[in-house]
Amino acid sequence: MTLHSALADGIDAFIAERSGELVDLVRTLVGFNTVSVDLSPGSEHRQNEERALQEFVSERLRALHAQVDLFEPDAAALRDHPMMPPWHHWEGRPITVATLRGSGDGRSLIVNGHIDVVSPGDLSRWTSPPFEGEVRDGRVYGRGAVDMKGGVAAAIFALEALAANGVRLAGDVILETVPDEETCAMGTVAVIERGYRADAGLVPEPTRLNFWIATRGLLHGSVAVPGRSAHAEMNQPAWQEGGGVNAIEKSLPVLQAFRALSADWATRDSKAHSLLGRPSVQPTIINGGAFISNVPESCEIDINATYLPGDADQDGYGSIPRGEILSVVDAAARGDDWLAASSPVWTWATDYPPSEIDPGEDIIAVTRDAAAEIGIDARPEGIDTTYDGALLTRLAGVPSPAFGAGDLARAHAPNEWIGVDELMLGARAYARAICAWCGVAG
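All of these numbers come straight from a predicted model, not from anything done at the bench.

Peer 1: Tell me about the overall build of the protein, and name the residues and values.
Peer 2: Tallying secondary structure elements over the protein gives twelve helices and 17 strands in all. A globule of 442 residues ought to have a C-alpha radius of gyration of about 22 Å, and the protein, at 24 Å, matches this closely. Overall, the protein is about 85 × 45 × 40 Å in size when its C-alpha atoms are taken along their principal axes. Out of the 442 residues belonging to the protein, those deemed buried represent 56%. Restricting the contact set of the protein to residue pairs at least 6 apart, pairs at least 24 apart contribute 80%. In the form shown here, the protein has an accessible surface area of approximately 18100 Å², with 47% of it arising from carbon and sulfur atoms.

Right, dumping it as structure tokens:
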């Protein structure tokens, strides 16, 4: 549906005249330090300001007469989920789900956004403090400004613009602000497991107001390569005679196996996709050795492996590419006497499923037409990384393309920013898309 001109003008005027309030909202969200916590044993980063942010968002949405569900999921109930790390929990880290009820005769919409951010890294590389939300030259700078607190703020502001113009929607809008997207994505899984569903979803990731409709899956795993400790300054007999074995050196065949598998995937016909890059296996962290004078007795390699929608098993997960990875490492181990006798040991953390949305889905057509009213030419794209709309699509059956203001190329970098003009355009687009999808009552 197309908004009548008076309502469209009223929405645009609200956003234009109160652009400073939209900027302030982004700055407030950026001001909460919500760097993703690492709940693994031994981690020193186990707390952040997610609770304070979620309480702020909840109160903001209650002012719109939304029904707010502010909850901490039960980690024990999700312990067997294939994406759930064994140490993960939500103590002190609640999730907000706010439902704005429509009149009942329209389609429902989930708007899902993550509020966790990555570490700002070396602070000396920032022009202004990363959690200050400094405004200069028409931009809001700060960690999370574009990924994706700016998009969350634009969506909230769109709902406020509708309310200020007396809009009563026909269908429900369910706004979810979730943690964990930058780590294991269990925040959105927890919302799905709580039972929230809608006819479609939109995720205001920084897509340059295009649609992300395809994503690769993601496997996180660790392989422990065994060695045998000994004095590094003493020449060692053969391992069969009790000599030391350097686990770091024994990791080389494993690393070579990863490289060979990636090279195979780079040329295999079944690993080509029109919107996505080729999958690969990347070793990303190596930990080995304990003391400079010791032959290292262990070496652990963490991997980040991607896979295509066509690689997923019947449940939507990565057991097939995981099996290929295990197979090549097993073959490498059989080619080495020590590794054949003392096999590498695997542990697996996250299996993030891939997703693909039919470009003919109605949510894409409706949102595209609504965006075109303000001059946005939204096109379907793939994204080689992951986003939570893939989970809504794959696990909940809610087709949920990403569509939002800003450019992902600025994310995870020093001096991350989003333009004020981008925020305003994103809010205008979301206001129109929500009305077009849900319908306007009366």
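Peer 1: For the environment of T215, give the residues involved together with the corresponding values.
Peer 2: Examined against the element boundaries, T215 turns out to sit in strand β8 (residues 211–215). For the pair T215 and G31, spaced 184 residues apart in sequence, the C-alpha to C-alpha distance is 30 Å. Apart from the residues lying within four places of it in its own chain, the contact partners of T215 are L276, P309, P354, S355, I383, T385, Y387 and A390.

Peer 1: Before we move on, can you summarise the packing of helix α3 (residues 50–62) against helix α4 (residues 145–164) with the specific residues and values?
Peer 2: At a minimum axis distance of 11 Å, the contact between α3 and α4 shows a crossing angle of 20°. Taken together, α3 and α4 sit at an angle that is classed as roughly parallel. Crossing angle aside, the handedness with which α3 passes α4 is left-handed. Seen from α3, the contacting residues are L53, V57, R60 and L61; seen from α4, they are K149, I156, F157 and E160. Tallied by class, residues from the contact of α3 with α4 come to five nonpolar, no polar and three charged.

Peer 1: How would you sum up the sheet that holds strand β15 (residues 355–356)? Please name residues and give values.
Peer 2: A sheet is described by the order of its strands in space; here three strands give the open sequence β15-β8-β16, paired in mixed fashion. Because the sheet does not close on itself, it has two edges, and the strands there are β15 and β16 (380–383). Alignment of β8 against β15, held across two bridges, turns out to be antiparallel. The partner of A214 across the bridge, within β15, is E356.

Peer 1: Lay out the environment of A429 with the relevant residues and their values.
Peer 2: Within the fold, A429 resides in helix α12 (residues 420–438). With a relative accessible area of 1%, A429 lands in the buried category. Sequence separation between A429 and I376 is 53 residues, and the spatial gap between their C-alpha atoms is 8.4 Å. Setting aside residues no more than four positions away along its own chain, A429 makes contact with I374, I376 and F403.

Peer 1: So, the packing of helix α2 (residues 19–31) against α4: which residues are in play, and what are the values?
Peer 2: The N-to-C vectors of α2 and α4 enclose an angle of 135°; their axes lie 9 Å apart at closest approach. When the interaxial angle is binned, α2 and α4 end up oblique. Considering how the two elements wind past one another, α2 and α4 form a crossing that is right-handed. Residues E21, L22, L25, V26, L29 and V30 of α2 form the contact with α4, whose participating residues are A145, K149, G150, V152, A153, A154, I156 and F157. Here the residues of the contact of α2 with α4 sort into eleven nonpolar, one polar and two charged.

Peer 1: Report on helix α7 (residues 252–267), specifying residues and quantitative values.
Peer 2: For α7, spanning 16 residues, the distance from its first C-alpha to its last is 23 Å, which sits close to the expected 22 Å at 1.5 Å a residue. When we look at burial in α7, the residues that qualify are V254, A257, F258, L261, S262 and W265. Along the axis of α7, the buried residues cluster in a sector spanning 135°; they form a single face. Exposed residues on α7 whose side chains face more than 90 degrees from its buried face are Q256, R259 and T267. On the buried face of α7, the contacting elements are β9 (217–226), α6 (247–250), β11 (281–288), β13 (298–307), α8 (319–334) and β14 (345–352).

Peer 1: Lay out α12 with the relevant residues and their values.
Peer 2: For the α-helix, the turn length of 3.6 residues means that residues three or four positions removed from each other point alike. If you check α12, its first and last C-alpha atoms are 27 Å apart, about what 19 residues at 1.5 Å a residue would give, namely 27 Å. Of all 19 residues that make up α12, 15 are buried, and the element is covered over most of its length. Note on α12: the residue one or two positions beyond its end, G439, has a positive phi of about 85°.

Parameters and conventions
- Counting restarts for each chain: residues are numbered from 1 in the order of the written sequence.
- Note on the predicted model: pLDDT of at least 70 is required for a residue's local features to be given, and 80 or more for side-chain atom pairs to be given and counted; whole-chain, interface and lining totals, by contrast, use all residues.
- Water and hydrogen atoms play no part in the side-chain values, which are based on all heavy atoms of the structure.
- In this description a helix means any DSSP run of H or I spanning at least four residues, a strand means any run of E spanning at least two, and both kinds are numbered starting from the N terminus.
- Put simply, the radius of gyration uses C-alpha atoms, and a globule should come to 2.2 Å times the residue count raised to 0.38.
- Using a 1.4 Å probe on the protein chains alone, a residue whose accessible area is under 20% of its type maximum counts as buried, one over 50% counts as exposed, and one in between counts as partly exposed.
- Any pair of residues with heavy atoms lying within 4.5 Å of one another is described as a contacting pair.
- For every accessible area listed, the method is Shrake-Rupley and the probe measures 1.4 Å; residues are considered covered only by the protein chains on display.
- In this analysis, axes come from line fits to C-alpha atoms, helices being fitted only over the stretch in contact, and the angle between any two N-to-C directions falls in the range 0 to 180 degrees.
- Any angle that is under 35 degrees is reported as roughly parallel, and any over 145 degrees as roughly antiparallel; angles of 65 to 115 degrees are reported as roughly perpendicular and all others as oblique.
- Throughout, a crossing is termed right-handed when the near helix is turned clockwise from the far one, and left-handed when it is turned anticlockwise from it by less than a right angle.
- When residues are sorted by character, Ala, Val, Leu, Ile, Met, Phe, Trp, Tyr, Cys and Pro go into the nonpolar class, Asp, Glu, Lys and Arg into the charged class, and all the rest, Gly among them, into the polar class.
- Note on pairing: DSSP must find at least two bridges between two strands before they are called paired.
- To estimate how far a helix should reach, multiply one less than its number of residues by 1.5 Å.
- Summarising the geometry, the arc corresponds to the directions from the helix axis toward the C-beta atoms.

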